[in-house]
Amino acid sequence: MGSFTHYGFLILALLFSSCMVTYGGNFFQEFDFTWGGNRAKIFNGGQLLSLSLDKVSGSGFQSKKEHLFGRIDMQIKLVAGNSAGTVTTYYLSSQGPTHDEIDFEFLGNVTGEPYILHTNIYAQGKGNKEQQFYLWFDPTKNFHTYSIIWKPQHIIFLVDNTPIRVYKNAESVGVPFPKNQPMRIYSSLWNADDWATRGGLVKTDWAQAPFTAYYRNYMAQSFSPSQFSDQKWQNQELDANGRRRLRWVQKNFMIYNYCTDIKRFPQGFPPECRRF
Ligand SMILES: *[C@@H]1O[C@H](CO)[C@@H](O)[C@H](O)[C@H]1NC(C)=O
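Residues numbered from 1 in each chain as written. Predicted model: local features only at pLDDT ≥ 70, side-chain atom pairs only at ≥ 80, totals over all residues. Heavy atoms only, no water.

*Asks:* What is the right way to look at the sheet that holds strand 5 (residues 59-63) in this model?
*Replies:* What holds strands together in a sheet is hydrogen bonding between their backbones, with the strands either parallel or antiparallel. Ordered in space as 2-5-14-7-8-9-10-16, the eight strands form an open sheet in which the pairing is antiparallel. With partners counted over all chains shown, the strands left at the sheet margins are strand 2 (31-35) and strand 16 (254-257), one partner each. Between one strand axis and the next, the sheet turns through 15° on average, direction left out of account. The sheet contact formed by strand 10 (residues 131-133) and strand 16 spans three bridges and is antiparallel. Bridged to Gln-131 within strand 16 is Asn-257. (Pairing = 2+ DSSP bridges. Helix = DSSP H or I, 4+ residues; strand = E, 2+ residues; numbered from the N terminus. Axes fitted to C-alpha atoms, helices over the stretch in contact; angles between N-to-C directions.)

Shown next, in the form of structure tokens:
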């Protein structure tokens, strides 16, 4: 009677939908403001969010939901004009003294000079895995998509779908990897003119305040554990084009890599820096 086919189809559909849970769109539903009072705002019925910074305070928000592995996408338009001294952060983090964290930080600059995109990874409360990049576009003119793919095997940072950094799980050589603590998504805009721009030489010009960054098209997909035992998912790191794009970014836009900072590690680089 075709009822078997119907049930079969239904079961398949259920299996697929339980693999990946997608949240997105509405900022009212997905985020809470954490500080800065009315410096954080949501517009357009939940489609657009802004953070601002003035001499008194910055501002920030965090996701209501926690994720253990997944893909997070956000479009951001960074503080335009003279943004020197300001830092816009966008990161995943768990709580507590042995927290895990996956960071994007955007360090502002004077008009016409390049932002620095700073990345880092914390596991069990320890970071020290910095890589920094210039961008191949002006991140203040338009929205661009900044994404994190977090799986038990690796973490990938992407900008407009171009992978800029792949951090592999190095537990096999004794390096902790974030994989047991669920994380929330956080973002903030604050004053860091003691270190952000040219190492703290350029101070925030408060005559330009308030400084404002904009967010839209947030999407979070949670991966379920079943996807990681599946061979197809495990091997799905980067395809040939992704590897080519990654090499292009690392060659032309990477300005700091802790794994090549010999002054910092005179006794030898951390184990995850070696190929294994
Ligand atoms: C700001 O511009 C200066 C000069 O081009 C550059 O050295 C620096 O890396 C830029 N970015 C930051 C965040 O300091």
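Past the structure itself, the notes keep going.
*Asks:* Help me understand the UniProt feature "glycosylation site" (unreviewed entry) in the protein chain, please; the structure alone is not making it clear to me.
*Replies:* The UniProt record annotates "glycosylation site" (unreviewed entry) at Asn-109. Structurally, Asn-109 is set in the loop between strand 8 (101-107) and strand 9 (116-122). Excluding residues within four positions of it along the chain, Asn-109 makes contact with Gly-81, Asn-82, Ser-83, Ala-84, Pro-114, Tyr-115 and Thr-197. (UniProt positions renumbered as here; feature names shortened; annotations may be inferred. Contact = heavy atoms within 4.5 Å.)

*Asks:* Mind showing me how you'd approach the state of the cysteines here?
*Replies:* Working definition of a disulfide: a covalent bond connecting the sulfur atoms of two cysteines. Tallying each qualifying case throughout the model produces one disulfide. What pairs with Cys-259 in a disulfide is Cys-273, and their sulfur atoms sit 2.0 Å apart. Judged by the sign of its S-S torsion, about -75°, the cystine formed by Cys-259 and Cys-273 is left-handed. Of this pair, Cys-259 sits in the segment after strand 16 while Cys-273 sits in the segment after strand 16; the two residues are 14 residues apart in sequence, bridging distant segments of the chain. (Disulfide = S-S within 2.5 Å.)

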